Number of protein chains: 2
Amino acid sequence: MSKSKGTRAERELYHLLWDKGFAVVRVAGSGSTPLPAPDLIAGKLGKIYAIECKTIKSNKKYMNEEEINSLNSFSRIFGATPLIGIRFARENWYFLNPDQLLKSKSSMVISKEFAKDKGLSIHQLLE
Amino acid sequence: MSKSKGTRAERELYHLLWDKGFAVVRVAGSGSTPLPAPDLIAGKLGKIYAIECKTIKSNKKYMNEEEINSLNSFSRIFGATPLIGIRFARENWYFLNPDQLLKSKSSMVISKEFAKDKGLSIHQLLE
């Protein structure tokens, strides 16, 4: 995914979460610092989510384990719940916990069906 | 303060807090988004701080009320403790809660003496 597409996805989710009553920040240099950094952090009265944002045109998204480990490690220290926010073309956002992901050889894979079946919608996230 | 000096102060405090065991992010676009955004968010096992960073060469730092209100408002929604991290020339960092600040006409003022007297050091912050 190009950097600008990643930024667009981040901004989209950033505004969506503000609209839903969260206070949200986009993280400077996420994906380019040696220290772990999620794309977004959203909080609502102490319920804190560290979020990696993904948008994808095909029906399957591969993520490397390092990215998942980094999200988990940041979240554990910070005291946040780690989430992968994923949006497939012409679908809504779905939110998955890294623990839910299936391993495929050297990477983790999220299919559209899996995200829709196991992921939380934004409304479920708010409950 | 120039943008680059602000960024330098942010980076310095960012690394200092990582060294002290916090997970920290620098916030993208802080000071330039219409939505409230602190400079840094630091968390350690659920204890979350939203931080505005200031460095100053003179002995007094003025902050406008809008900046303080924005920090407070973000922190309230997110569920973080708001802090102003301030470092005067040849001094350590001190951390003040916005409620501690004294009002001077249309702005809030932090003198070096006040910061050293009322502010928490990084070690006190960790306790």
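Note that the coordinates shown come from a computational prediction; the quantities given were computed from them, not determined experimentally. (Residues numbered from 1 in each chain as written. Chains lettered and ligands numbered in written order. Predicted model: local features only at pLDDT ≥ 70, side-chain atom pairs only at ≥ 80, totals over all residues. Heavy atoms only, no water.)

Take the environment of L40(B) next. Residue and element names in this part refer to chain B. Positionally, L40 belongs in strand β2 (residues 40–44). With 79 residues separating them along the chain, L40 and G119 place their C-alpha atoms 18 Å apart. Beyond its immediate sequence surroundings of up to four residues, L40 is in contact with E10, L13, Y14, L17, V24, V25, R26, V27, Y49, A50, I51 and C53. (Helix = DSSP H or I, 4+ residues; strand = E, 2+ residues; numbered from the N terminus. Contact = heavy atoms within 4.5 Å.)

Looking now at unusual backbone geometry. For L45(A), which is not glycine, the phi dihedral falls at a positive 50°. Position of L45(A) among the secondary structure elements: in the loop between β2 (40–44) and β3 (47–56).

To continue, consider the sheet that holds strand β7 (residues 102–104) of chain A. Residues and elements named next belong to chain A. If you walk across this open sheet you meet the 3 strands as β4-β8-β7, and the pairing is antiparallel. What marks the edges here is a single partner per strand, and that holds for β4 (60–64) and β7. Here the average twist between neighbouring strands, direction ignored, is 40°. Direction of pairing for β7 relative to strand β8 (residues 107–111): antiparallel, over a ladder of 3 bridges. (Pairing = 2+ DSSP bridges. Axes fitted to C-alpha atoms, helices over the stretch in contact; angles between N-to-C directions.)

As a further point, take the relation of the copies chain A and chain B. With an RMSD of 0.0 Å, chain A superimposes on chain B once it is rotated by 180° and translated 0.0 Å along the axis. Here the copies are linked by what is in effect a two-fold axis. A shared interface surface links the copies, since 100% of the contact residues of chain A are contact residues in chain B too. (Least-squares fit on C-alpha atoms with pLDDT ≥ 70 in both.)

It is worth spelling out helix α2 (residues 65–78) of chain B at this point. All names here are of chain B. In a regular helix each residue adds 1.5 Å, so 14 residues correspond to 20 Å; α2 covers 20 Å between its end C-alpha atoms and thus fits that length. Turning to α2, its buried residues are I68, L71, F74, S75 and F78. Considered in projection along α2, the buried side chains sweep an arc of 130° and stay on one side of the axis. The outward face of α2, more than 90 degrees from its buried face, is lined by the exposed residues E66 and R76. Phi turns positive, to about 95°, at G79, one or two residues after α2. (Expected span 1.5 Å × (residues − 1). Buried < 20%, exposed > 50% of the residue type's maximum accessible area, 1.4 Å probe, protein only. Arc of directions from axis to C-beta.)

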